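Spelled out from the first residue to the last, the chains are:
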Amino acid sequence: MAERYFAVVPAAGGGTRLGAAEPKQYLDLGGDCMLYRSLDALLAEPRIAAVTVVLAPDDERRPPSGRFDGRVRFCAIGGATRADSVAAGLHSLSASEDDWVLVHDAARPGLSAEALARLIDTVGDDPVGGLLALPVADTLKRGDASDRVTATVERAGLWAAQTPQLFRAGLLRRALAGDRAGITDEASAVERLGLRPLLVRGEPANLKVTLAADLALAQALLSHGGA
Ligand code: CTP
Ligand code: MG
């Protein structure tokens, strides 16, 4: 049987750095919330068979009926860290070992259909998998505790990781089993197994909303139809 594509969307965070009254995935972005916009971006890809949204255990918010097609399932099974939430989502998937899983942050509402298709097409049947990422453009400085530059860091070969990150279900389950301390994305967990994920060019509009200023930027990009 041909492999299928599943998606897991970690949406169980509290948004402490943004500091709004609600978790950031529920903040308004042009008439709809950030989480639902991120889901729309994934659902635009017909190759995705099913999307599991991992909510915090006490989160009872659900979309109005008919807002999404039958591919979306909401599970209030989130954990203490992002990696714990992703592991819980993976555990609840009915995916076979060789099926593909796209993990995409609820806090990245600006993913374009083109970038998503590029990731799926470029990874193809790669033995490891890959992730969207952007080559770093700024000159990089290392700073000390009093914000003094201690070094300029060589930029060549450095990329900033985005999501989605695309790996086979079996590999990802193995990578996220056991100690998840210090794992901030799926690729880093896969790297710990000694494997080298593929870097696929992402896009600036696929930023992660972390601080209040990012929310304003996401709103501006959205109202201009992306960038
Ligand atoms: N996330 C999750 N479970 C957690 C922590 C985070 O599912 N225990 C999700 C968030 O909802 C978000 C994504 O992982 O979609 C990226 O995490 P981050 O940007 O750090 O979001 P928050 O943890 O909500 O924000 P903060 O770190 O500022 O509290
Ligand atoms: Mg966080």
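Notes on the structure in this doc start here. If you're wondering where the values come from, they're calculated on a predicted model, not measured in any experiment. (Residues numbered from 1 in each chain as written. Chains lettered and ligands numbered in written order. Predicted model: local features only at pLDDT ≥ 70, side-chain atom pairs only at ≥ 80, totals over all residues. Heavy atoms only, no water.)

Glancing now at the overall build of the protein. The helix and strand inventory of the protein stands at six helices and 11 strands. Whereas a compact globule of 227 residues would reach a radius of gyration of roughly 17 Å, the protein reaches 17 Å, a difference of no more than 12%. With respect to the principal axes defined by its C-alpha atoms, the protein has extents near 50 × 40 × 35 Å. Residue burial in the protein is summarised as follows: out of 227 residues, 47% are buried. If you take every contact in the protein between residues at least 6 apart in sequence, the share linking residues at least 24 apart comes to 68%. Surface exposure of the protein reaches about 11,200 Å², of which carbon and sulfur atoms provide 53%. Side-chain charges in the protein split into 25 positive and 29 negative, and the spacing between the mean points of these groups amounts to 2 Å. (Helix = DSSP H or I, 4+ residues; strand = E, 2+ residues; numbered from the N terminus. Rg over C-alpha atoms; globule rule 2.2 N^0.38 Å. Buried < 20%, exposed > 50% of the residue type's maximum accessible area, 1.4 Å probe, protein only. Contact = heavy atoms within 4.5 Å. Areas by Shrake-Rupley, 256 points an atom, 1.4 Å probe, with all protein chains shown as cover. Lys, Arg positive; Asp, Glu negative; His and termini not counted. Charge placed at Lys NZ, Arg CZ, Asp CG, Glu CD.)

Of the residues making up helix α2 (residues 82-91), those classed as buried are Ala83, Ser85, Val86, Ala87, Gly89 and Leu90. Of the surrounding elements, those touching the buried residues of α2 are β1 (5-11), β4 (48-55), β6 (100-103), α4 (169-176) and α5 (186-191).

The local shell around ligand 1 holds 18 residues, among which Thr16, Arg17, Lys24, Ser85 and Lys208 are the closest. The backbone of Ala12 places a nitrogen or oxygen atom 2.9 Å from an oxygen atom of ligand 1. Between ligand 1 and Gly15 there is a distance of 2.8 Å, counted from an oxygen atom to a backbone nitrogen or oxygen. Bound to the protein, ligand 1 loses 88% of the 560 Å² it would expose on its own. (Near = heavy atom within 4 Å. Polar contact = N/O pair within 3.5 Å; in protein donor to acceptor, adjacent residues only side chain to side chain.)

This next bit is on the sheet that holds strand β5 (residues 72-75). Strand order in the open sheet formed by seven strands is β5-β4-β1-β6-β10-β7-β11, with mixed pairing between adjacent strands. Each having just a single partner strand, β5 and β11 (198-201) make up the two edges of the open sheet. Neighbour-to-neighbour, the strand axes of the sheet open up by a mean angle of 25°, direction not taken into account. Bridge count for strand β7 (residues 130-135) against β11 is four bridges, and the pairing is parallel. From the neighbouring strand, Leu132 faces β11, where its bridge partner is Val200. This element, α2, spans β1, β4, β6 and β10 (159-168) of the sheet and lies at about 140° to β1. α4 contacts β6 and β10 of the sheet and is inclined by roughly 115° relative to β10. (Pairing = 2+ DSSP bridges. Axes fitted to C-alpha atoms, helices over the stretch in contact; angles between N-to-C directions.)

What follows deals with helix α6 (residues 212-223). The end-to-end C-alpha distance of α6, which contains 12 residues, comes to 17 Å, matching closely the 16 Å that a straight helix rising 1.5 Å per residue would cover. Residues of α6 that are buried include every one of Asp214, Leu215, Ala218 and Leu221, and no others. With its buried residues spanning 130° around the axis, α6 presents them on a single face. Across from the buried face of α6, at angles greater than 90 degrees, the exposed residues are Ala213 and Ser223. Structurally, α6 contributes buried residues whose contacts are with β2 (28-29) and α1 (34-43). (Expected span 1.5 Å × (residues − 1). Arc of directions from axis to C-beta.)

A word on the nonpolar core. Leu35, Leu39, Val51, Val53 and Phe74 are the most contacted members of the largest nonpolar core, which has 31 residues in total. Mapped onto this core, the elements with two or more residues apiece are β1, α1, β4, β5, β6 and α3 (113-123). Per-element tally for this core: the top contributor is α1, with six residues. (Core = buried A, V, L, I, M, F, W, Y, C linked by side-chain atoms within 4.5 Å.)

Take the packing of α2 against α4 next. Axis separation between α2 and α4 bottoms out at 10 Å; the angle between their running directions is 140°. Put simply, α2 runs oblique to α4. Read as a crossing pair, α2 and α4 show a hand that is left-handed. Counted together, Ala83, Val86, Ala87 and Leu90 of α2 and Leu172, Arg173 and Leu176 of α4 form the full contact between these two elements. (Parallel < 35°, antiparallel > 145°, perpendicular 65-115°, else oblique. Left-handed = near helix turned anticlockwise from the far one by under 90°.)

Function cannot be read off these values alone, since they describe shape.
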